[in-house]
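# Structural description and commentary
Chain by chain, the residues:
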Amino acid sequence: MTIQLELRPEILKEIHYHRYNHAAPLVQRRMEALWRKGHGLAHAQIAELVGVTENTICDYFELYQQGGVEKLKELNYYVSKSKLNAYVTSLEAHFRDNPPASIKEAQSEIETITGVKRSETQVAEFLKKNSILVAEK
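Residues numbered from 1 in each chain as written. Predicted model: local features only at pLDDT ≥ 70, side-chain atom pairs only at ≥ 80, totals over all residues. Heavy atoms only, no water.

### Section: the overall build of the chain
Assigned secondary structure in the chain consists of seven helices and zero strands. Taken from N to C terminus, the helices and strands of the chain fall in the order α-α-α-α-α-α-α. On C-alpha atoms alone, the chain measures out to a radius of gyration of 23 Å, which is more than a quarter above the 14 Å that the 2.2 N^0.38 rule sets for 137 residues. Based on the C-alpha atoms only, the size of the chain along its principal axes is roughly 65 × 25 × 25 Å. Among the 137 residues that make up the chain, the fraction classed as buried is 35%. Within the chain, contacts between residues separated by at least 24 positions form 56% of all contacts whose residues are at least 6 apart in sequence. Just so you have it, the chain exposes about 8900 Å², and 50% of that area is on carbon and sulfur atoms. (Helix = DSSP H or I, 4+ residues; strand = E, 2+ residues; numbered from the N terminus. Rg over C-alpha atoms; globule rule 2.2 N^0.38 Å. Buried < 20%, exposed > 50% of the residue type's maximum accessible area, 1.4 Å probe, protein only. Contact = heavy atoms within 4.5 Å. Areas by Shrake-Rupley, 256 points an atom, 1.4 Å probe, with all protein chains shown as cover.)

Pasting the structure below:
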C-alpha cells in the first residue's frame, strides 16, 4: 500500500532535526522513515534502510497523517503497575518509623505487611523509585 504524504520543506527541516537529536531511538527511526519518504524513496527501500518492515513504515506514515510530527514523537510504552503501588504510603510510614537495615530486611517486612513477595532487586528498585530510604550497613 502506498501512502501519499505532503512534506513541505519546513516540515522536512523539523524531521531532519529529530532524526539525530531526539532522545528516543524509536522517534529517530520514525523521522528517518519520513525523511526518506520526503525524498521520494519507495516503501520497500525505506523499510530496508530503516531496518523495519513495510507494515511498520506504513504505521509510521499513518501516525504522521493522524497528527504530524508531534504524533511521531509520542511514546506509548506499556509500563506494568506494581502491586506494591497500593501500599506506598503505608510502607513509607512504616519504614520511616522502623528503618530496615538492609534490602533483605525490607523485602521480608514488605512481604509480611503486604503479602506481596518480590526479589531483593525488585524491592530495591521499588524503594528507590518511591524515595524510601534503606540504611545499608
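### With respect to the nonpolar core
Judged by nonpolar contacts, the single largest core of 22 residues is most densely connected at Ile57 and Phe61. Listed by contribution, the elements that provide at least two residues to this core are helix H1 (9-21), helix H2 (25-38), helix H3 (43-50) and helix H4 (54-72). It is H4 that provides the largest number of residues to this core, a total of seven residues. Aside from chain neighbours lying at most four places away, what touches Phe61 is Ile3, Leu5, Ala33, Leu34, Lys37, His43 and Ile46. Counting 12 residues, the second largest nonpolar core, distinct from the first, contains Ala106, Ile110, Val123 and Leu127. (Core = buried A, V, L, I, M, F, W, Y, C linked by side-chain atoms within 4.5 Å.)

### Focus on H3
Because an α-helix completes one turn every 3.6 residues, residues spaced three or four positions apart along the sequence face the same direction. By the burial criterion, the buried members of H3 are His43, Ile46, Ala47 and Val50. Projected down its long axis, H3 carries its buried residues within an arc of 100°, all on one side. Residues Glu48 and Leu49 are exposed on H3 and point more than 90 degrees away from its buried face. Those residues of H3 that are buried are in contact with H2 and H4. Following H3 by one or two positions, Gly51 adopts a phi angle in the positive range, close to 90°. (Arc of directions from axis to C-beta.)

### Structural notes on the pattern of salt bridges
Under the definition given, this model contains seven salt bridges. In this structure, the salt-bridge partner of Glu74 is Lys71, at a minimum N-O distance of 3.4 Å. Relative accessible area serves as the criterion here: at 24%, Lys71 is assigned to the partly exposed category. In the salt-bridge network here, residues are joined through shared partners; they are Arg19, Glu32 and Arg36. (Salt bridge = Lys/Arg side-chain N within 4 Å of Asp/Glu carboxyl O.)

### As for helix H6 (residues 103-114)
Taking 1.5 Å of rise per residue, the 12 residues of H6 would be expected to cover 16 Å, and the 16 Å separating its terminal C-alpha atoms lies within 8% of that figure. Lining the buried residues of H6 we find helix H5 (88-97) and helix H7 (120-129). With its phi angle positive at about 80°, Gly115 sits one or two positions after the end of H6. (Expected span 1.5 Å × (residues − 1).)

By themselves, these figures tell us nothing about what the structure is for.
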